[in-house]
Amino acid sequence: MTEHVTAFGPDFPFAYDDWLKHASGLGRIPDIARGAEVAIVGGGLAGIVAAYELMKLGFRPVVYEQGRLGGRLRSQPFQSAAGIVAELGGMRFPTSSRGFYHYLDLVGLKTRPFPNPLDPASPSTVIDLEGEISYIESAADLPPVLREVAQAWEEALEECAEFSALSAAIRGRDVARVKAIWDALVPVWDGRTFYDFVATAPSFQKLSFRHREIFGQVGFGTGGWDADFPNSMLEILRVVVTAFDERQRLVVGGAEQLPRRLWNHKVDGVSLNALHGGAPRPGVVRLARASADRIAVTDRWGDTRLYGAVLATCQSWLLTTSIATDEQLFSHRLWMALDRTRYMQSSKTFVMVDRPFWRERDASTNRYRMSTTLSDRLTRGTYLFDNGPDQPGVICLSYSWMSDAMKVLPLSADQRVTLMLGALEKIYPDLDLKQHIVGDPITVSWENDPGFLGAFKGALPGHYRYNRRMFCHFMQESLTPAERGIFLAGDDISWTPGWVEGAVQTALNAVWGIMHHFGGTTAPENPGPGDLFDRLAPLALPD
């Protein structure tokens, strides 16, 4: 039994962490397959994890990347400040993500608690709603209305989702119990939104609309949830039941170090970096079936190479936009799933400051000069990062989603900073933030990035079947010959989009699928996800 809840299911309760750490390894391939080239489209964490594990098995992975290694693990350094970064993509990683932490440990990266609102890692929290400001240093400072919201949410999960029973089953890795509870919840909540769950839960119905509004604006723990209100409730249940919303940590020095260190990590004296001569292949512009057992991959400069297997880890929309992909490579039903994927918008704006002044108290009020801040203003979430004594600090002035992110899409970095400072000045009228800013601001709008077209998938009601088609694609024995040999991975292929563990787990599924495609097998004492698929397969809803 594990000590804490981990990312064990609930849709596919396979212990990826146990498979990874087993002494027998992930499997073995026949001698004839050794050295076989496998194309990896995309150098984000899913692509690099898959490439690393395929290299260990004896394949020769060939990574194609149109931008920089890391994908949405993008740690942008500030000007002339060694080791000081803005985390433009993934920045907080729950300890339940055991697969992700396996690789962090492998390459020797350190983590520390993420300074979330109301977390001990944050000296103080300010909640600003409708111009009313609550300053919080301890649980005793929490306003009664926020206590009521938190209690209503906990009760709603018990009333409508068997939260405690499901959590206990996941903690104990009780496959039969996990599937019994989860498979009963899937048909109930697939067609209903997160907001529907909140609005109809008996615990919230006893309260006012204002309580639901507060829940959407500031939520609990990590911030507000209103950007997710249109999503399928299953999307949210997965997050809370696998403890993705708690015990979150940051990677010291930046999360992008993980894919880069894996790129350079040697296995028997060989690294991915060495196999590629120091850099990945250029970005892919075409995928086509060349023959019964070969897929043609064409890069941006027109070079075409043939592979026995291809793993696409890019966001699925790119397969119908910037990458010309032969329709025959996927079934019409899978194309429907890939095309109907809905990506959420996200924006962040960072500045570097001369020091972590938010750890200093104001002499007149004895309050900290600035706090981790949740607000209904344009900033929405403001986070404070202390890089240690005598080091500049970093402020994420704004972390916003969907319509809030779209409001700043056309604006430059300087314009965004000006807007955010104006909003924060209303919350901290006696604090001159401008005097602390050093260097140039850093910002991102993921929906405006041609390599991503959005931050991550947010499944809408009715999308469970689409999720299942994408996730289960690594099981290829039932596919037509034209569809075999091309695999999918990435957090948008997983059940937990936006969370790095989903990228890791789908990468490992693809590794099993590619190994199996070339005639490889797992050790009997360490079966992989495909070996146990019939027992663990996600519930199939009728069409």
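Placed above this text is the structure.
What you are looking at is a predicted structure, and each value in this text was computed from that prediction instead of being measured.

Secondary structure summary: the protein contains 18 helices and 22 strands in total. Taking 2.2 N^0.38 as the reference for a compact globule, 543 residues should give roughly 24 Å; the C-alpha atoms of the protein span a radius of gyration of 23 Å, in line with that estimate. When the 543 residues of the protein are sorted by exposure, 58% land in the buried category. When the accessible surface of the protein is summed, it comes to about 21200 Å², and 51% of that surface belongs to carbon and sulfur atoms. Each charge class in the protein was averaged separately, 54 positive and 63 negative side chains, and the resulting centres sit 3 Å apart.

A few words now on the sheet that holds strand E13 (residues 309-312). Picture the strands of a sheet paired through backbone hydrogen bonds; they go either parallel or antiparallel. Taken in spatial order, the four strands line up as E2-E1-E13-E22 in an open sheet, and their pairing is parallel. The outermost strands of the open sheet, each flanked by one partner alone, are strand E2 (60-64) and strand E22 (486-488). Strand after strand, the sheet turns through a mean of 20 degrees between neighbouring axes, direction not considered.

Let's shift gears to the packing of aromatic side chains. Here the distance between the centres and the angle between the planes together describe a pair of aromatic rings. Following the criterion strictly, the structure yields 34 aromatic pairs and no others. When the ring of Trp 153 is compared with that of Phe 215, the centres are 5.0 Å apart and the planes differ by 40 degrees; the resulting orientation is tilted. On the criterion of sequence distance, the pair formed by Trp 153 in helix H4 (residues 144-161) and Phe 215 in helix H9 (residues 209-218) is long-range, its members being 62 residues apart. In terms of burial, Trp 153 and Phe 215 fall into one category: buried. Among the aromatic residues, those joined into a cluster by ring pairs are Phe 12, Phe 14, Tyr 16, Trp 19, Tyr 464, Phe 471, Phe 474, Trp 495, Trp 512 and Phe 533. Lys 348 extends its terminal NZ or CZ atom over the ring of Tyr 399, reaching a point 4.5 Å from the ring centre.

This paragraph deals with unusual backbone geometry. Cis geometry is found at the peptide bond from Gly 9 to Pro 10, where omega equals 5 degrees. With respect to the secondary-structure elements, Pro 10 resides in the segment before helix H1 (16-21). Even without being glycine, Leu 118 reaches a positive phi, approximately 65 degrees. Relative to the assigned elements, Leu 118 resides in the loop between strand E6 (111-113) and strand E7 (125-129). A relative accessible area of 42% means that Leu 118 is categorised as partly exposed.

On to the side chain of Ser 75, then. Here Ser 75 lies in strand E3 (residues 75-77). For Ser 75, a relative accessible area of 7% gives the class buried.

On to empty space enclosed by the protein. Taken as a whole and assessed by the stated rule, the structure comprises six cavities of 30 Å³ or more. Its boundaries defined by the atoms lining it, the largest cavity holds a volume of some 130 Å³. Around the largest cavity sit 15 residues that line it, and Gly 9, Phe 471, Trp 495, Thr 496 and Gln 505 are the ones nearest its centre. Considered class by class, the residues forming the lining of the largest cavity number six nonpolar, seven polar and two charged. Considered as a void within the structure, the second largest cavity measures approximately 50 Å³ in volume. Ala 7, Asp 17, Arg 98, Arg 173 and Glu 501 are the residues nearest the centre of the second largest cavity, which is lined by 13 residues in total. For the lining of the second largest cavity, the elements supplying multiple residues, two or more each, are H1, helix H3 (98-107) and helix H17 (500-517). The class makeup of the residues in the lining of the second largest cavity is five nonpolar, four polar and four charged.

Rules and cut-offs
- Residues numbered from 1 in each chain as written.
- Predicted model: local features only at pLDDT ≥ 70, side-chain atom pairs only at ≥ 80, totals over all residues.
- Heavy atoms only, no water.
- Helix = DSSP H or I, 4+ residues; strand = E, 2+ residues; numbered from the N terminus.
- Rg over C-alpha atoms; globule rule 2.2 N^0.38 Å.
- Buried < 20%, exposed > 50% of the residue type's maximum accessible area, 1.4 Å probe, protein only.
- Areas by Shrake-Rupley, 256 points an atom, 1.4 Å probe, with all protein chains shown as cover.
- Lys, Arg positive; Asp, Glu negative; His and termini not counted.
- Charge placed at Lys NZ, Arg CZ, Asp CG, Glu CD.
- Pairing = 2+ DSSP bridges.
- Axes fitted to C-alpha atoms, helices over the stretch in contact; angles between N-to-C directions.
- Phe/Tyr/Trp six-rings, centres within 6.5 Å; stacked < 30°, edge-to-face > 60°.
- Lys NZ or Arg CZ within 6 Å of the ring centre and 35° of its normal.
- 1 Å grid on protein atoms, 1.4 Å probe; cavity = no way out; pocket = protein on both sides within 12 Å on 5 of 7 lines; lining within 4 Å.
- Points joined across faces, edges and corners; volume = space filled by probe spheres on them.
- Nonpolar A, V, L, I, M, F, W, Y, C, P; charged D, E, K, R; others polar.

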